[in-house]
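Chain and residue survey
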Amino acid sequence: MDYTNKADDYFNHERPEMLAFLPETCKRALDVGCGEGTFALQIKNMLGAEVWGIELMPEPGEEAKKRLDKVFIGPCENFVNDLPDTYFDVIYCNDVLEHLVDPYTFLGHLKSKLTENGVIISSIPNIRYHDAFKKIILQKKFEYEGHGIFDKTHMRFFTKSSIANMYGNLGFKIISHKGINRTRSLKPYLYNIPFFFTAMDMFYLQFATVAKKGK
């Protein structure tokens, strides 16, 4: 999969909307798809936490090594067995799971890496976002692009309900599941009219989910 033509800021997003879900009690965190470590470094600075990262691409991965406590470089699936069990209070997967061939198995493996009260926090693009809806339903298009919902490096596509089902089927208990990066466009209101305003998920580019091991 080719990630070499991404925008200059692809590997160093700060993602304040995802930091908002970070538990203040976090002492050890893992950022899957950490890029240059920009996001994870904020966790380290805010809480004094020990922070690990996994990054697919070598160049941003080497940058992350300068900032974080431990970084693995390569496909995240390759390092599951290198991660200590019951170790992390928080595992972030910010716009990562949709890039995997089998996100379900990977997410299931991460469960054993969480402490008793640890959480997985993910951000996943919403295929029912209004722009995607327009392209598929109204324009009858499904064409891959360089970024966004139809990013050519996306292997899987999700909706609000399918994200919840994925976590539930893997034995997680969802603590929070809400839309983020809401559009300012009024088009979702128009698209909702035929659905009697039951498709309000169209407003959100992504859904952020916080989940813990079910009991």
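Please read all numbers here as calculations on a predicted model, not as lab measurements.

This part covers the pattern of salt bridges. Taken as a whole and judged by the stated rule, the model has eight salt bridges. Across the pair Glu145 and Lys135 runs a salt bridge whose closest N-O atoms are separated by 2.8 Å. Of the two residues, Glu145 is situated in the loop between α5 (130-138) and α6 (160-169) and Lys135 in helix α5; the sequence distance between them amounts to 10 residues. A relative accessible area of 31% means that Glu145 is categorised as partly exposed. Under the relative-accessibility criterion, Lys135 is labelled partly exposed at 24%. One network of salt bridges, with partners in common, ties together Arg15, Glu17 and Asp95.

Strand pairing in a sheet relies on backbone hydrogen bonds. The paired strands run either parallel or antiparallel. With respect to topology, seven strands assemble into an open sheet ordered β3-β2-β1-β4-β5-β7-β6, the strand pairing being mixed. Two strands in the sheet have a free side with no partner beyond their single neighbour: β3 (70-73) and β6 (172-182). Taken over all neighbouring pairs, the strand axes of this sheet differ in orientation by 15 degrees on average, direction set aside. With four bridges connecting them, strand β1 (residues 28-32) and strand β4 (residues 88-94) associate as parallel partners. The residue of β4 that forms the bridge with Leu30 is Ile91.

Conventions we followed
- Residues numbered from 1 in each chain as written.
- Predicted model: local features only at pLDDT ≥ 70, side-chain atom pairs only at ≥ 80, totals over all residues.
- Heavy atoms only, no water.
- Salt bridge = Lys/Arg side-chain N within 4 Å of Asp/Glu carboxyl O.
- Helix = DSSP H or I, 4+ residues; strand = E, 2+ residues; numbered from the N terminus.
- Buried < 20%, exposed > 50% of the residue type's maximum accessible area, 1.4 Å probe, protein only.
- Pairing = 2+ DSSP bridges.
- Axes fitted to C-alpha atoms, helices over the stretch in contact; angles between N-to-C directions.

Honestly, it's all geometry; don't read function into it.
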